[in-house]
Amino acid sequence: MSLPGELVDEILCRLPVKPLLQCRCVSKGWCSLIDSNAFVKKHLKKTLECNIGGGIIINAGSDKFYLADFDSLDDPSASVVRINDPIKTLLVDSHFVGASNGLICVFKNEMKDVFLFNPTTKKSRKIANSPPEFPTSFTPIESSMCGFGYDEVNDDYKVLKIAECYSRFRGIVAIVYSLKTNAWTRIQNVPEVCFTSNRGIFASGSLHWTAMRSPTNCKDLIVGFDLELQQFKEVPFPPIKSLPAFPDFNIRCLLDVGGCLCITDNYPSHLDVWIMKIYEDKNTWYKALSVKQRKTLGSFTSFHPIALSKSRSDVLLEVDTEKLVWYDLDKNKVRKVRMRGIPVECNSFVYTESLLKLTMDKPLQHKPTEQKPSKDKQDKNQIERRDEFLAKGFTLRL
């Protein structure tokens, strides 16, 4: 007796990606269902709602990228898995840009080449080259910025490039790439600020960079780029003092934890983590975590939170890009991640397993397109998910 098609759909959309890929071999009907765009979107929505199928991608330099199943981090019998060909060859000398809904974005050759890949399905795609009038490479690399994120309103994945090109453009120029249209758009009204970070952090529908108003005005800023509206904006900064120019300790670092915008505030004696509870509301920044040197983690230069455990009682920390540890929020204690094979040099990021495809639907376009008119701001679903995370997550001040 065969099951009704609706029931098969409901059962399959609750499975992790790897078993689903094996299920494609059951029958032509199952293969067609799993490959359909409607099922891919439904499966991703269910994955995000139920917080299943998550993982950590670890960049250990050059082409050394590893995957770690999030649920196996405390399993001493489990090991990280190195990404091999065909993705391995693509990743040689690449740099991580961002991850969203299972898609990873990396760049190489001084940001000339940008690639998207899905580590679960092992599919990849080189995105369209930048328009001819935009620089093809940057020297030094510090004069360029890049970011990747998801435009939920338009159901589109976008890459933003920013470059300081005073010899050619007499200022800062920015272009945004749309995966849906396979085209680049020149962005107008780019703020004339001094960016102090290179990688755009995606949170709440926008990419974010730390910046200063000018070399002589060292007031700290957070510059955001709304992926739906394709406009720059200034995001409220937390109530902490501005750092002096070129401090002896690490500059502040923006992060995304559970969809919330975070910032780490480094001092010689301790490091604080601030979280924006309600996006773009300056009054909702709060200090979520503070760790003193040598007291808990020993002596460290920097750390950053990567993700919360599913029980919401522990936070996964990367310390000095050398090790991963669990930090118990209630007991104020640290324990090692027990999974085998984690490299000594680790630059770690969360990703979501998904079936998302990277097919080419339209011919390559080089000429920048006109910007689309603005639509309504992001819907309430993302805000509700963020509020739920905050209600369960980082609430303890140490």
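Calculation notes
- Residues numbered from 1 in each chain as written.
- Predicted model: local features only at pLDDT ≥ 70, side-chain atom pairs only at ≥ 80, totals over all residues.
- Heavy atoms only, no water.
- Helix = DSSP H or I, 4+ residues; strand = E, 2+ residues; numbered from the N terminus.
- Phe/Tyr/Trp six-rings, centres within 6.5 Å; stacked < 30°, edge-to-face > 60°.
- Pairing = 2+ DSSP bridges.
- Axes fitted to C-alpha atoms, helices over the stretch in contact; angles between N-to-C directions.
- Salt bridge = Lys/Arg side-chain N within 4 Å of Asp/Glu carboxyl O.
- Buried < 20%, exposed > 50% of the residue type's maximum accessible area, 1.4 Å probe, protein only.
- Expected span 1.5 Å × (residues − 1).
- Arc of directions from axis to C-beta.
- Contact = heavy atoms within 4.5 Å.

Visitor: Explain unusual backbone geometry here, please?
Guide: Working note: non-glycine residues mostly have negative phi, and peptide bonds are mostly trans. Here D85 and P86 are connected by a cis peptide whose omega angle stands at 10°. Not every positive phi belongs to a glycine, and S204 is a case in point at roughly 55°. Turning to its location among the elements, S204 is positioned in the loop between β13 (199-203) and β14 (206-212). You will see that Q230, though not glycine, has its phi angle at about 55°, which is positive. By secondary structure assignment, the location of Q230 is in the loop between β15 (220-226) and β16 (231-235).

Visitor: When you look at the packing of aromatic side chains in this model, what are you seeing that I'm missing?
Guide: Remark: the centre distance and the inter-plane angle together describe each pair of aromatic rings, the angle taken between the planes. Following the criterion strictly, the structure yields 7 aromatic pairs and no others. Considering the side-chain rings of F96 and F349, the 3.7 Å spacing of their centres and the 10° angle between planes classify their relative orientation as stacked. Of this pair, F96 sits in strand β4 (residues 95-100) while F349 sits in strand β25 (residues 347-352); the two residues are 253 residues apart in sequence, bridging distant segments of the chain. Centroid distance Y177 to W184: 5.3 Å. Interplanar angle 50°. Geometry classified as tilted.

Visitor: Is there a simple way to think about the sheet that holds strand β20 (residues 285-292) in this case?
Guide: Hydrogen bonds between backbone atoms are what pair the strands of a sheet, whose relative direction is either parallel or antiparallel. Spatially, the 4 strands line up as an open sheet ordered β17-β18-β19-β20, and their pairing is antiparallel. The open sheet has two edge strands, β17 (253-257) and β20, and neither has a second partner. Taken pair by pair, the neighbouring strands of this sheet meet at an average axis angle of 25°, ignoring direction. Pairing of strand β19 (residues 270-276) with β20 involves 7 bridges; the strand directions are antiparallel. Note that in β20 the partner of M276 across the bridge is W285.

Visitor: Before we go on, may I ask you to explain the pattern of salt bridges in this structure?
Guide: Side-chain pairs of opposite charge can arise whenever the charged atoms involved come near each other. Going through the model one piece at a time under the given rule, you end up with 13 salt bridges. Across the pair R24 and D35 runs a salt bridge whose closest N-O atoms are separated by 2.9 Å. Here D35 lies in helix α3 (residues 28-35) and R24 lies in the loop between α2 (17-23) and α3, a separation of 11 residues in the sequence. The partner of K287 in a salt bridge is D272, with the nearest N and O atoms 3.7 Å apart. Placement of the pair is K287 in strand β20 and D272 in strand β19, with a sequence separation of 15 residues. On the accessibility criterion, K287 (30% relative accessible area) is partly exposed. Using a relative accessible area of 4% as the deciding quantity, one classes D272 as buried. Each of D9, E10, R14 and K42 takes part in salt bridges that share partners, so that together they form one network.

Visitor: What is the right way to read helix α4 (residues 37-50) from this model?
Guide: Residues spaced three or four apart along an α-helix face the same direction, because each turn holds 3.6 residues. The terminal C-alpha atoms of α4 lie 20 Å apart, and with 14 residues this matches the ideal 20 Å at 1.5 Å per residue to within 8%. Every buried residue belonging to α4 is among F39, V40, H43, L44, K46 and T47, and all of these are buried. The buried residues of α4 occupy an angular sector of 165° when projected down its axis, which confines them to one face. Across α4 from its buried face, at more than 90 degrees, point the exposed residues N37, A38, K45 and E49. If you follow the buried residues of α4, they end up packed against α1 (5-12), α2, α3, β9 (156-164) and β25. Just downstream of α4, N51 is the residue with a positive phi angle, here 55°.

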